[in-house]
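Structural features, examined
The primary structure of each chain is shown beneath.
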Number of protein chains: 4
Amino acid sequence: VFVLMQEVCSRQSIDRVLAELASMDAIGHVSSGAQRCTIEVLEVGPRLDRGRLERLPAVAGVLDEPGQVLAACHGSPPRATEVALGSRAIVGGRQVAVIAGPCSVEDEGRLLETARAVAEAGAVALRGGAFKPRTAPHSFQGLGNRGLEMLGRVRQETGLAIVTEVMSVAQIERVTAVADALQVGSRNMHNTPLLRAVGEQEKPVLLKRGWSATLEEFLLAAEYVRQAGNPHVLLCERGIRTFEDYVRNTLALAIVPEAKRRSGLPVVVDPSHGTGRAHLVAPMCRAALACGADGLLIEVHPSPTRAWSDGAQALDLGGFRELMQGLGPLARACGRDL
Amino acid sequence: VFVLMQEVCSRQSIDRVLAELASMDAIGHVSSGAQRCTIEVLEVGPRLDRGRLERLPAVAGVLDEPGQVLAACHGSPPRATEVALGSRAIVGGRQVAVIAGPCSVEDEGRLLETARAVAEAGAVALRGGAFKPRTAPHSFQGLGNRGLEMLGRVRQETGLAIVTEVMSVAQIERVTAVADALQVGSRNMHNTPLLRAVGEQEKPVLLKRGWSATLEEFLLAAEYVRQAGNPHVLLCERGIRTFEDYVRNTLALAIVPEAKRRSGLPVVVDPSHGTGRAHLVAPMCRAALACGADGLLIEVHPSPTRAWSDGAQALDLGGFRELMQGLGPLARACGRDL
Amino acid sequence: VFVLMQEVCSRQSIDRVLAELASMDAIGHVSSGAQRCTIEVLEVGPRLDRGRLERLPAVAGVLDEPGQVLAACHGSPPRATEVALGSRAIVGGRQVAVIAGPCSVEDEGRLLETARAVAEAGAVALRGGAFKPRTAPHSFQGLGNRGLEMLGRVRQETGLAIVTEVMSVAQIERVTAVADALQVGSRNMHNTPLLRAVGEQEKPVLLKRGWSATLEEFLLAAEYVRQAGNPHVLLCERGIRTFEDYVRNTLALAIVPEAKRRSGLPVVVDPSHGTGRAHLVAPMCRAALACGADGLLIEVHPSPTRAWSDGAQALDLGGFRELMQGLGPLARACGRDL
Amino acid sequence: VFVLMQEVCSRQSIDRVLAELASMDAIGHVSSGAQRCTIEVLEVGPRLDRGRLERLPAVAGVLDEPGQVLAACHGSPPRATEVALGSRAIVGGRQVAVIAGPCSVEDEGRLLETARAVAEAGAVALRGGAFKPRTAPHSFQGLGNRGLEMLGRVRQETGLAIVTEVMSVAQIERVTAVADALQVGSRNMHNTPLLRAVGEQEKPVLLKRGWSATLEEFLLAAEYVRQAGNPHVLLCERGIRTFEDYVRNTLALAIVPEAKRRSGLPVVVDPSHGTGRAHLVAPMCRAALACGADGLLIEVHPSPTRAWSDGAQALDLGGFRELMQGLGPLARACGRDL
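Residues numbered from 1 in each chain as written. Chains lettered and ligands numbered in written order. Predicted model: local features only at pLDDT ≥ 70, side-chain atom pairs only at ≥ 80, totals over all residues. Heavy atoms only, no water.

**Remarks on the interface of chain D and chain A**
Taken together, the contacts link 47 residues of chain D with 47 residues of chain A. Buried surface at the junction of chain D and chain A, both sides included, amounts to about 4100 Å², of which 53% is carbon and sulfur. Per-residue buried area on chain D facing chain A is highest for Glu43, His138 and Arg306 of chain D; these three make up 19% of the total on that side. The interface formed by chain D and chain A holds six salt bridges in total. Close ionic contact of Arg110 of chain A with Glu43 of chain D constitutes a salt bridge, the shortest N to O distance being 2.5 Å. For the pair chain D and chain A, the number of links is 23 residue pairs in polar contact (both at pLDDT 80 or more). Looking at the side of chain D that touches chain A, the elements that each hand over two or more residues are strand 2 (27-32), strand 3 (37-42), helix 3 (66-73), helix 7 (192-199) and helix 8 (215-227) of chain D. Ranked by residues supplied to the side of chain D that touches chain A, first place goes to helix 8 of chain D with five residues. (Contact = heavy atoms within 4.5 Å. Buried area = accessible area lost by both parts, 1.4 Å probe. Salt bridge = Lys/Arg side-chain N within 4 Å of Asp/Glu carboxyl O. Polar contact = N/O pair within 3.5 Å; in protein donor to acceptor, adjacent residues only side chain to side chain. Helix = DSSP H or I, 4+ residues; strand = E, 2+ residues; numbered from the N terminus.)

In structure tokens form, the structure reads like this:
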């Protein structure tokens, strides 16, 4: 049970709620978000009187589920949020932002070659991991700081915005110095200390859905970022884990319209991880675009079979160019630009 | 282990394989499909000599998995199959076939009203269940024969093709008399006696993917129909069962391009069951179309909140008309017609 | 919405409910079960008055979900049902019934050898498929009638009860002539015409849970059998389909105590399909027994590597004997006998 | 592709492998584990010659999958590891260690009351969260340092070992000062910086399986801890996320024997999270014990309905005492002690 306070609410009103709760043998746990203060009721017992709580000054409502608090905090329907990605792109408006690049940063020559190719084909940002979360400790974990430096130089050279992953609080400062958006990966969607820490930054956060996160859990993860003060969140659907075995993950596109409807946040789709198969990337980009995706995150590598990670899902430079040419007319038929 | 015979193959060659298997302490189980004969090797022991089998006359290959047999049977890449739906529509060509109508047939007036409305909006076929598979024995199970008769009269009245479900071998004759395509529902995708029986009919079969069927299982179910002699199969993706809870099922659209690539069969998408939420039907129709769906199966009801089954996922007549108007330009941008 | 009638209820009372529904612009669909009559309300509109319905004569209650009807029909808590398996065993009492044998009936010599070995080790029934549901049409589908005859002779020879699968209504008569319990496989758990048809038999039904069936769906499938007049249902957990890849299925044992609690029916566990790995069968038998399973269904073959189907999950005769020796003390510690 | 080096291996041998890889147009990424050095081959191209690599000095093998490296590193079969939990208990031997206590530390009085009760009933360790990972930012997140202090005092008072969660690298020092084992929760199983950091501690680590982690991913997460130098890992099965809806998670017990077989590590089962239902905790404890679990992690609260988190799955003090009395004879029948 949660007591939701009104947007303008004094310390006195909160103390009043806490006192009432105490008189009902309950305890209140106060949580101050960026917009609203909520009080979770601990020790819900028979003496809890919801009506009395609802009538207290500055109380907006008494709610049962975290999801209801989330909905109430952002009003209904939520305003659509636009998020700037570097100086050139706005995600969440008419333009569909394409973020492309290698899974991992490998060497500067190839990174620059890829960046130039994707920019020419119409991408607005470069993706590429310097810190890589890997299942096995003996797998390549990214070039780290050296990779960040390469990203920084390629950014200057090409003007592309940089989207790269941050895996721990300790890396945030270094990544923020280079990146235009901080990616929080699927493995970290539930890492709440990390969510809070990126929420204290000014750079936008690209938050990937966890492998088996429900929509509500996904939106509540975004809420950790927003409550910490950073409203610039891009939600990213990248496939969920199911029994399907011809793809690496099951791309669950119905989340695109539904997450937008519930949160107002822009939604980006990653068909590379979402299928794990290069030949399925183009049709899934098209499907994502047609159901309202605000951005696409696509793995591109000059020589996919030699990539250091995830080669099976990367497009080569020609494949990416072709994909982009095909997406243009589709975007226009959907009332969007690429 | 399976021995795949060549397309032209004598009884003598088969006997030769069986004799060789016997000499290797194994037993061969012969299965005669419409196109090819395969011999499954039972009792695989240490004396099995695959090379010797491969060199026998009329042997095309020795394979390990049912899926490999399937792939081999239909060549690579398979030819795209076109399936006629009634006298007016071809599924699997340029046209995207829209099949719309109520979940269950309820009464003739409403059925006719719905049929006329969907026809006017551009649907080529009417869906509607006379026999309804239901989870609970105390739920409405369809009007049965009376429902079939209504479908028959509405077919004559409107010229729409009829797609309706057949739940058992005993119903086939009655359903075939009325339907232009026989639907095999998700609950029956693994009902092999039923698959074989509809495979002996001449009417096309709309085969829905089982709730938790893999792609290979889905294609092998279609193979039961084809081996029995009926090549006119429409595959239908209708969502799979996952942990997601804001939708009734998870619509897994990557299967559209992949099932087409592997089987050559047309693929129809059912976003009504695939999401279970009326407000998600339109965006998922768009996504399905953009990734190559050859047809859409959509629940429409004059008054969804009063529907006898599945009201939450049905569009009303106005909603369907609006959807169709929006799909036209998208279809054209995809090089298709509606 | 369902109107549940009292156990004793006249046709007049039902007509009264239907008339009231009509006056509320709704339609009632009457379903007569073995114990209770229920009336499903179709076309739930704003004029529906639940209070008025509840006050009508012979109305026991107005319920929202099929699962609530199920619970109401069988009272709370349900009486534990005991099911006779042949003339020697009762399932659902103190004894844990072990049903063992090959996946498929292959030849009579091996079947008899297996039957004698499992009987000596303590099994009360022999399993073995004459009709086999297979994913691929080119896979061995069982010996059919010839397999049934072998089962019949082995039954006479050894006195073991026979549990074998029935895949279609057309097979029921033949299978019933030989079997002491009719198995309905996972692929057919939703095949309601088959459930109704085995519900008209007097032999007990061993009903396997569908690959992705929820507990409620499983219990409602059993209800189809019971409503048709056959109360002798054995529920069988055989693993569900998940993302796990080191096993063939995920054996979800919490269903054992929960299904017993909700339905009163005996629960049998199949760790052979439930894991797909012979070395995991023994530990999972132990776990099943410890959480209350009333029976175990175990695949045993004289030479698993040469089995015609599912060899990877079968125990050999020595392995089965050893397993049974280990289970005895555990059963006693659980207050059960083997 | 991974090159696995022998246990004793010079820097020179590694350089030799790197040079050979370079001559094959590939790049080697060296990873030094506690026991073995592995070299991942990046840029696998046509010139890669596995035979040549295998013949180089100090090379133990060339492997394809992280899981194979894992298996090779720990030999086959792995030795069973015993892990000390405080000064009184050894997990992984004859004794089954019971770890019990509240979900969250709430107040010192109740914590002490619970600790005394579970100790008297036979538990060897107290569980209780001071730092709580929560889905929603407005939910109670634990008492933090104040909770740790309470745990410290109760430890001294009762002599129970303390198992408590660490959510971030920044908390490790504080948690280590109090805890006898550091719990890494399901949400953090893929948080590799955290895994490495607890791997640098001397206290044992109780590692919970991620909601949708495969067995291999689970064992590789443990490998992160072991490679960092800490061999004292307790694996904990706590249920996976599936479509099942009558439980909070699906307890997948086959992992108990399989994870032990593959890793040699002790396995603890958490039936409280694994079912989310208090009435299913006892049967699932029994099942876990019967299939070889080395420990049980059980939520106990003096007044579950008033608990600050997860009350629906907690046993009360009497329920826990009763459970323990029932487990004793079962443990003995399994050749274990409680």
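**Here's the deal with the packing of aromatic side chains**
Residue and element names in this part refer to chain B. A full pass over the atoms with the stated rule returns four aromatic pairs over all chains. Ring geometry for Phe140 and Trp308: centres 5.0 Å apart, planes at 80°, overall edge-to-face. Of this pair, Phe140 sits in the loop between strand 8 (125-127) and helix 5 (145-158) while Trp308 sits in the loop between strand 14 (295-299) and helix 12 (317-333), and the two are 168 residues apart along the sequence. Of the two residues examined, Phe140 and Trp308, each falls in the buried class. (Phe/Tyr/Trp six-rings, centres within 6.5 Å; stacked < 30°, edge-to-face > 60°. Buried < 20%, exposed > 50% of the residue type's maximum accessible area, 1.4 Å probe, protein only.)

**Considerations on unusual backbone geometry**
Positive phi, close to 70°, is recorded for Ala58 of chain C, a residue that is not glycine. Owing to a relative accessible area of 14%, Ala58 of chain C belongs among the buried residues under this scheme. The backbone of Asp25 of chain D sits at a positive phi, close to 65°, despite the residue not being glycine. Mapped onto the secondary structure, Asp25 of chain D falls in the loop between helix 1 (11-23) and strand 2.

**Focus: helix 12 (residues 317-333) of chain A**
Between its first and last C-alpha, helix 12 of chain A extends 25 Å over 17 residues, near the 24 Å set by a 1.5 Å rise per residue. Of all the bends found along helix 12 of chain A, the most pronounced is centred on Leu327 of chain A and spans about 30°, while Pro329 of chain A, a proline, follows it within four residues. Taken together, the buried positions of helix 12 of chain A are occupied by Leu317, Phe320, Leu323, Met324, Leu327, Gly328, Leu330 and Ala331 of chain A. Where the residues of helix 12 of chain A are buried, they touch strand 7 (97-101), helix 4 (108-121), helix 11 (278-290) and strand 14 (295-299) of chain A together with helix 11 (278-290) and helix 12 of chain B. Immediately downstream of helix 12 of chain A, the backbone of Gly335 of chain A shows phi near 75°, a positive value. (Expected span 1.5 Å × (residues − 1). Bend = angle between axes of the 7 residues up to and from the residue.)

**Notes on the interface of chain C and chain D**
Chain C puts 37 residues into the contact, and the matching count from chain D is 37 residues. Interface area for chain C against chain D, summed over the two sides, is near 2700 Å², with a carbon-plus-sulfur share of 71%. The three residues of chain C that bury the most area against chain D are Phe243, Tyr246 and Ala254 of chain C, which together make up 23% of that side's buried surface. In this structure, the connection of chain C to chain D is made through two salt bridges. Linking Arg209 of chain C and Glu244 of chain D is a salt bridge whose minimum nitrogen-to-oxygen distance equals 2.4 Å. In this assembly, chain C and chain D are joined by 10 residue pairs in polar contact (both at pLDDT 80 or more). Broken down by secondary-structure element, the contributors of at least two residues to the side of chain C that touches chain D are helix 9 (255-263), helix 11 (278-290) and helix 12 (317-333) of chain C. Top element by residues in the side of chain C that touches chain D is helix 11 of chain C. It accounts for seven residues. Counted by class, the side of chain C that touches chain D contains 23 nonpolar, six polar and eight charged residues. (Nonpolar A, V, L, I, M, F, W, Y, C, P; charged D, E, K, R; others polar.)

**Notes on the relation of the copies chain D and chain A**
With an RMSD of 0.1 Å, the fit of chain D onto chain A corresponds to turning through 180° and sliding 0.0 Å along the axis. Taken together, the rotation and translation describe the operation of a two-fold axis. Ranked by how close their C-alpha atoms come to the rotation axis, the residues of chain D are headed by Ser212 of chain D, at 3.2 Å. Of the residues that chain D buries at the interface, 100% are likewise interface residues in chain A, meaning the two copies contact each other through the same surface. (Least-squares fit on C-alpha atoms with pLDDT ≥ 70 in both.)

**Quick look at the state of the cysteines**
Tallied over the full model, the rule gives zero disulfides over all chains. Just so you know, Cys334 of chain A is unpaired, no disulfide at all, and the nearest cysteine sulfur is the one on Cys334 of chain B, 7.7 Å from it. Cys103 of chain D forms no disulfide, and the closest cysteine sulfur to it belongs to Cys236 of chain D, at a distance of 13 Å. Looking at Cys103 of chain D, the relative accessible area reads 6%, which means it is buried. (Disulfide = S-S within 2.5 Å.)

**A few points about the sheet that holds strand 9 (residues 161-165) of chain A**
All names here are of chain A. One closed barrel holds the eight strands; their spatial order is 7-8-9-10-11-12-13-14, and the pairing between them is parallel. Ignoring strand direction, the axes of neighbouring strands in this sheet form an average angle of 25°. In this sheet, strand 14 lies alongside strand 13 (residues 267-269) in parallel orientation, the contact comprising two bridges. Considered in strand 14, the bridge of Val268 is made with Gly295. The strands touched by helix 9 (residues 255-263) within the sheet are strand 12 (233-237) and strand 13, with strand 13 carrying the most contacts at an inclination of about 160°. (Pairing = 2+ DSSP bridges. Axes fitted to C-alpha atoms, helices over the stretch in contact; angles between N-to-C directions.)

**Section: the pairing of strand 10 (residues 181-184) of chain D**
Residues and elements named next belong to chain D. Of the two faces of strand 10, the one carrying Ala181 and Gln183 and the one carrying Leu182 and Val184 are both buried. This β-α-β element, strand 9 (residues 161-165) to helix 6 (residues 172-178) to strand 10, shows right-handed connectivity. In the sheet, strand 10 pairs with strand 11 (residues 205-208) via three bridges, with the strands oriented parallel. Directly across from Leu182, in strand 11, lies its bridge partner Val205. (Right-handed = clockwise from strand over helix to strand, strands pointing away.)

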